[in-house]
Amino acid sequence: MSDVVTDESFNSVPYEGGFIFDRYSILYHSNDGIVEEITDFEKAITAFAVSTDNVLLVAFENQLEVFKLKEGDLKFLETRVLGNAVNILRTDKRGKVWGWSPKEPLLEFHLREGGSLSTVHHELVGGHDLLLEDYEAAVVADGPVLIFEEELVRYDPVSESWEGAAMPARGGLPAAYAFRRHGDRLEGWMIYWDNELQTSLMVEAMWPDGGELRTRILPWVDMCEVGKVYSMAITGKEEQFFIIGGLRGLMIADRHLADHIPAPAKPVVWDRNLTAKAEPRQRFSFGEAETQYRFNSAIGGAYYPLRYETRLVGLRDEWSEASALTIREFGQVFEGDYRFEVRAVDPFGRASEAAAIELLVTPPWFRTYTAYAAYILTAGALLFGFVRLRERQLRARQAELEAIVDDRTAELKKANAFKDDFIANLSHEIRNPLNGVIGLIRQMREGSPPPGRYLKSLKQAAHYLQATVEEVLDFSKLQTGEIPVDRNLINVEEVVNGVLGIYRERATEKEIGLTSHVRVPEGTGVITDERKVQQILGNLTSNAVKFTEKGSVHVGILLEPLSGNKAVLKMWVQDTGGGISEADKERIFEKFYQTQSGEKQRVGTGLGLALVKGFVDRLDGELQLHSVLNSGSTFSVTLPVETQPFAEERAGGEESEQFKARALVVEDIEYNRIFIESLLGEFGVRVDTADDGGEGFAKATAGDYEVIFLDWDLPGKSGLEIARELRGQGSLPEGTVIIGMTAFATQEVKDQCLGSGMNAFLTKPIRAEQVAKVLRENLPHELRSSGRDRMVEEGGLTIDVPSTEMVAGKGMLHGRGLLGEMARNSSWEHEKGRWEEFFEGYLAELEEAISQKDPSLVRKAAHRLLGHLRMLDAAVLPGMLQDMLTAAHAGDMEGILLEWKEFQQKQVEFRRELARA
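**Q** Would you explain the overall build of the protein chain in this entry?
**A** Regarding its fold elements, the protein chain presents 16 helices and 51 strands. In the protein chain, which comprises 917 residues, the share counted as buried stands at 41%. Sequence separation of at least 24 residues holds for 56% of the intrachain contacts in the protein chain that already meet a minimum separation of 6. For the protein chain, the exposed surface amounts to about 50600 Å²; the carbon and sulfur share of it is 50%.

Pasting the structure below:
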């Protein structure tokens, strides 16, 4: 049937003068039993083949040498450098040599007239990219056959084209394969490893010319004896044999062996002790021990691994999944007739005849007819008693439910009253300032400057309206857990003064005192969430001033240090108002709840103290209330914090930020557009505007902007669509910042904005500090400057001029940039000298990387040099380095050399300008 022999494999190629074979770097010639060494190349041979007219091609990694072969002698013809390594060379019947390696182009070699070698690279074959996909290849008389995981592709030498046909996936590429051209069809055999069966399977492929590819799994002997299979071949003419190579030897088998391998035999079912065959009919009583059967098959295991399928007809008629287990256990089953069946299945889907055992399970005594009659009589008596008992329980439950309904109805009425009060109060809080805004605007005349008292009143009304809306929005976010904790270093005294400044005028109008006492060590900052501390103090102070008619309101702050930088921040707000009753204390921090205690009637939204409680909880703090009716109240807050000294301020005081940038604002509401344009102008930003999505997209693609502000909801194209298209098309300069704006302040909208390619997100109403922060965090340092920078007019265009000198003209160096800012604390010549030292070092590093022709080294060196160059306000050179980086990322060494040549020419002019700076 088959033989197994052991031998070491080697490459051998027949030709007219005998055989050629190799050992590592040596080629040998064999003829008439005489073996002679041809030559020692002193480098490893990866593949070789003999072409038309006895031309020998020998591959060494990515190099190919060509010789004329005559009776064992070599005549050198030429050397060819290849773009990739070649592991295999094969010759077809037309004399063409084909070479390949995994994930490399397929190479086609043939001799031109005159003896020179022609090379064709096949990278795309039958719709497959050979640089990206795994494949195996063989060469038959017509040319190559390429094997992919789910497709077979063959070469048509007449049309010089590729033809593909789908085949079932086997979980990867074959471990070994053999193909040949036989008459008018292509025949092939492939060996795959089956993880489930833990064995090798042979697949036969038959592909007639002009017909469809047919594949089938051949019944075959177990190939595990030769170890892991790595190669195979078919040999012989009349009697054909497979030669299968494995790690432990070779297997030689008749090609037609599969036609004679028998199907699995009917399994034999044994009793529990494996001493005798199980009886064909068995009887059990319910409650006996679990039933167990063992089984095996006499024929099949000698050729291939078997699996077994079982079923218990009467319980489950479907066959179980095939398994190598030869035992089946059943738990207790109800009384009835059953049939246990088992059959053997080979790897090729052939199933044996099923062996069957008939089972009869009898019921236990408590499921006999006599027992059922007793059950009915007992159940009737119990049912009568149960009905009487249930009637009494239902009456009691009905009375209980009526009481619960009355209680719930009262609570719903109370909650509805709270809702009505909240809506009425919210309407009151919004309509009053809104009425003031509308009335004051009507008093103003277009084109005339408004009186100062009008502007002051408008500002107060707008701030009050904004605070009311933000209070409702903050509470909504707090309820859904969308408010994060943003810890930063704050000056507690400034926070307290800012809060008291808001309410001091109101306290003065009511003729009550508003005092504070802050006990925080001088120069000590506190790390916590500044906005939440402001809102906690603001809400408590607002309520105290609102509900105090005479006397005073006092705000106290105490910082108690603990170990290390840990500390406790204690805050309290004490008033002499009407106080809070004991009943109100229990609900004072609930949403919408407003106390009637004291003399003051209810005003506001009823959310202030609920927000305070939520913010204190988010900061892991504690909130306490001490109050006596008609004697005032004290709200105390304790927060865990960290401390950190303040850095010393620079001489000259705080300076306003300026940004040397050009911005596009796309906003469809006119007053919003005017406000943002004005706000950006205060920061020195030059602004273009657009009032719909279409215009905004056109300006964004045509203009050269450092930052683009996009409203989330725009007519024509939405801000999300504009951002996606700009990022997707790559139509923006590298580093362009896109900032989203919307009044829909939800996490979902924020995620949509950031997911579309935006860098940041602003919530309306937009404040100056928000804009400054987002510009500071996203614009590069060279576009930022301090308030010392001044603006000049040049040719009608407003440009930024840093206080560090600008170099005249528009050559290679426009200004000193960040390096000039650094020179404020030393001297310009000193800083410039240090910069030039590093510049020469980085330049030498780039030159060395280019000489090695390694794009990855060029990318690193060019990136360092670009960062160093950007410390100056330089022109031309940074753009050339950017182009060099683009070429390096693409592995384009020719593009790198072109950019380097231009860079060397331009840096001479740059050095002259730097010397004059």
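**Q** Which parts of the structure should I look at to understand the sheet that holds strand β30 (residues 307-313)?
**A** Either a parallel or an antiparallel arrangement is found when strands of a sheet pair, and the pairing is made through backbone hydrogen bonds. Across the sheet, which stays open at both edges, the four strands sit in the order β28-β33-β32-β30 with mixed pairing between neighbours. In this open sheet, the two edge strands, each paired with only one partner strand, are β28 (281-285) and β30. Within this sheet the neighbouring strands show an average axis-to-axis angle of 20 degrees, counted without direction. For β30 and strand β32 (residues 336-345), the ladder comprises seven bridges, and the chain directions are antiparallel. Among the inter-strand pairings, Leu312 is bridged to a residue of β32, identified as Phe340.

**Q** Mind showing me how you'd approach the sheet that holds strand β45 (residues 737-742) here?
**A** Overall, parallel pairing links the five strands, which are arranged β43-β42-β44-β45-β46 in an open sheet. Edge positions in the open sheet fall to β43 (686-690) and β46 (760-763), since each of these has one partner strand only. The average undirected angle you get between the axes of adjacent strands in this sheet is 20 degrees. One ladder, built from five bridges, connects strand β42 (residues 662-666) with β43; its direction is parallel. Following the sheet pairing, Val666 is matched in β43 by Ala690. This element, helix α9 (residues 719-729), spans β44 (707-711) and β45 of the sheet and lies at about 145 degrees to β44. Contacting β44, β45 and β46, helix α11 (residues 768-778) runs over the sheet at an angle of about 180 degrees to β46.

**Q** Even after reading the chapter, I still don't get the packing of aromatic side chains, so can you show me in this structure?
**A** Two aromatic rings are characterised by how far apart their centres lie and by the angle between their planes. Applying the stated criterion to the full structure yields 18 aromatic pairs. For the ring pair Trp98 and Trp162, a centre distance of 6.4 Å and an interplane angle of 75 degrees mean the geometry is edge-to-face. Of the two residues, Trp98 sits in strand β11 (residues 97-100) while Trp162 sits in strand β19 (residues 161-166), which places them 64 residues apart along the sequence. Cluster of aromatic residues (ring-pair linked, three or more members): Phe41, Phe60, Phe67 and Phe76. Between Arg154 and the ring centre of Trp207, over which it is positioned, the NZ or CZ distance is 3.9 Å. Against the face of Phe697 rests Lys717, its NZ or CZ located 5.2 Å from the ring centre.

**Q** How should the pairing of strand β23 (residues 214-218) be read in this particular structure?
**A** Sheet faces and side chains relate simply in a regular strand, where the side chains alternate between the two faces. Pairing geometry for strand β22 (residues 199-208) and β23, over five bridges, is antiparallel. The residue of β23 that forms the bridge with Val203 is Ile217. Hairpin connection between β22 and β23: a loop of five residues separates the two successive antiparallel strands, and Gly210 in this loop has a positive phi of roughly 75 degrees.

**Q** Please clarify how the nonpolar core should be interpreted in this entry.
**A** Nonpolar side chains in soluble globular proteins tend to end up buried together. Met202, Trp220, Met232, Ile244, Val269, Tyr293 and Phe340 are the most contacted members of the largest nonpolar core, which totals 43 residues. When near neighbours in sequence (up to four residues on either side) are disregarded, Met232 contacts Ala176, Tyr177, Ala178, Trp189, Ile191, Met202, Phe242, Ile243 and Ile244.

**Q** When you look at helix α8 (residues 693-702) in this model, what are you seeing that I'm missing?
**A** Along an α-helix, residues three or four positions apart point the same way, because every turn accommodates 3.6 residues. Taken together, the buried positions of α8 are Gly693, Gly696, Phe697 and Ala700. Along the long axis of α8, the arc covered by the buried residues comes to 100 degrees, so they all point the same way. Buried residues in α8 make contact with β42, β43, β44 and α9. Structurally, the start of α8 carries an N-cap: the backbone nitrogen of Gly694 is 3.1 Å from a side-chain oxygen of Asp692.

**Q** Teacher, can you tell me more about the side chain of Asp529 here?
**A** By the secondary structure assignment, Asp529 is in the loop between β36 (524-528) and α4 (530-547). Asp529 gets classed as buried once you look at its relative accessible area, which sits at 4%. Setting aside anything within four residues of it in sequence, one finds Asp529 in contact with Pro484, Val485, Asp486, Arg487 and Leu619.

**Q** Help me understand the pattern of salt bridges in this model?
**A** Oppositely charged side chains may form a pair once their charged atoms are brought near each other. Counted by the stated rule, this structure contains 29 salt bridges. Glu549 serves as the salt-bridge partner of Lys510, at 3.4 Å between the closest nitrogen and oxygen. You can see Lys510 sitting in the loop between α3 (492-509) and β35 (513-519) and its partner Glu549 sitting in the loop between α4 and β37 (552-561), a full 39 residues away along the chain. Lys510 gets classed as buried once you look at its relative accessible area, which sits at 13%. Ionic pairing is found between Arg662 and Asp688, a salt bridge with its closest N-O pair at 2.7 Å. With Arg662 in strand β42 and Asp688 in strand β43, this residue pair connects regions lying 26 residues apart in the sequence. Within the structure, one salt-bridge network assembled from shared partners comprises Arg94, Asp142, Arg154, Glu163, Arg181 and Asp209.

**Q** Quick question: what am I supposed to make of unusual backbone geometry here?
**A** Backbone geometry follows two general trends: most residues other than glycine have a negative phi, and most peptide bonds adopt the trans configuration. With a phi angle near 60 degrees, Glu42 is a residue other than glycine that sits in the positive phi range. Tracing the backbone shows Glu42 in the loop between β5 (34-40) and β6 (47-50).

**Q** In this structure, what is going on with helix α6 (residues 608-618)? I would like to understand it.
**A** α6 sits mainly inside the fold: eight of its eleven residues count as buried. Buried within α6 are the following residues: Gly608, Leu609, Ala610, Leu611, Val612, Gly614, Phe615 and Val616. Directly after α6, the chain includes Asp620, whose backbone phi takes a positive value near 60 degrees.

**Q** How should the packing of α8 against α9 be read in this particular structure?
**A** Helix-helix packing: each pair is described by the crossing angle between the helix axes and the interaxial distance. Close contact between α8 and α9 brings their axes to 10 Å; oriented N to C, the two are set at 25 degrees. Taken together, the axis directions place α8 and α9 in an arrangement best described as roughly parallel. The chirality of how α8 crosses α9 is right-handed. Mapping the contact onto sequence places Gly693, Phe697, Ala700 and Thr701 in α8 and Ile722, Glu725, Leu726 and Gln729 in α9. A per-class count over the contact of α8 with α9 returns four nonpolar, three polar and one charged.

Each value, and the rule that gives it
Residue indices begin from 1 for each chain and proceed along its sequence in written order. In keeping with the model being predicted, local features are shown solely for residues with a pLDDT of at least 70 and side-chain atom pairs are shown and tallied solely at 80 or more, while totals for entire chains, interfaces and linings include all residues. Excluding hydrogens and water, the side-chain figures rest on all heavy atoms present in the structure. Numbered from the N terminus, helices here are DSSP runs of H or I no shorter than four residues, and strands are runs of E no shorter than two. Using a 1.4 Å probe on the protein chains alone, a residue whose accessible area is under 20% of its type maximum counts as buried, one over 50% counts as exposed, and one in between counts as partly exposed. Here a residue-residue contact requires only that any non-hydrogen atoms of the pair lie within 4.5 Å. Note on areas: Shrake-Rupley with a 1.4 Å probe; residue coverage comes only from the protein chains shown. Strand pairing is defined by DSSP finding a minimum of two bridges between the two strands. An axis is simply a line fitted to the C-alpha atoms; with a helix, the fit covers only the stretch in contact. Between two such axes, the angle follows the N-to-C directions and lies from 0 to 180 degrees. Stacked, tilted and edge-to-face pairs are distinguished by plane angle, under 30 degrees for stacked and over 60 for edge-to-face with tilted covering the rest, among Phe, Tyr and Trp rings (Trp via its six-membered ring) whose centres lie within 6.5 Å. Note on geometry: a ring has a charge over it if NZ (lysine) or CZ (arginine) is within 6 Å of the ring centre and within 35 degrees of the ring normal. To define a nonpolar core, start from buried Ala, Val, Leu, Ile, Met, Phe, Trp, Tyr and Cys residues and group those joined through side-chain atoms within 4.5 Å. This arc describes the spread of directions from the helix axis toward the C-beta atoms. Here a polar contact is recorded for every N or O atom pair within 3.5 Å, except that within protein the pair must consist of a potential hydrogen donor and a potential acceptor, and residues adjacent in sequence are included only if both atoms are side-chain atoms. Whenever Lys or Arg places a side-chain nitrogen within 4 Å of a carboxyl oxygen from Asp or Glu, that contact is recorded as a salt bridge. Relative orientations are named as follows: roughly parallel for angles under 35 degrees, roughly antiparallel for angles over 145 degrees, roughly perpendicular for angles from 65 to 115 degrees, and oblique for any other angle. For any helix crossing, the convention is left-handed if the near helix is rotated counterclockwise from the far helix by under a right angle, and right-handed if that rotation is clockwise. Residues are grouped as follows: Ala, Val, Leu, Ile, Met, Phe, Trp, Tyr, Cys and Pro are nonpolar; Asp, Glu, Lys and Arg are charged; all remaining types, including Gly, are polar.

Everything listed is a geometric property; what it means functionally is a separate question.
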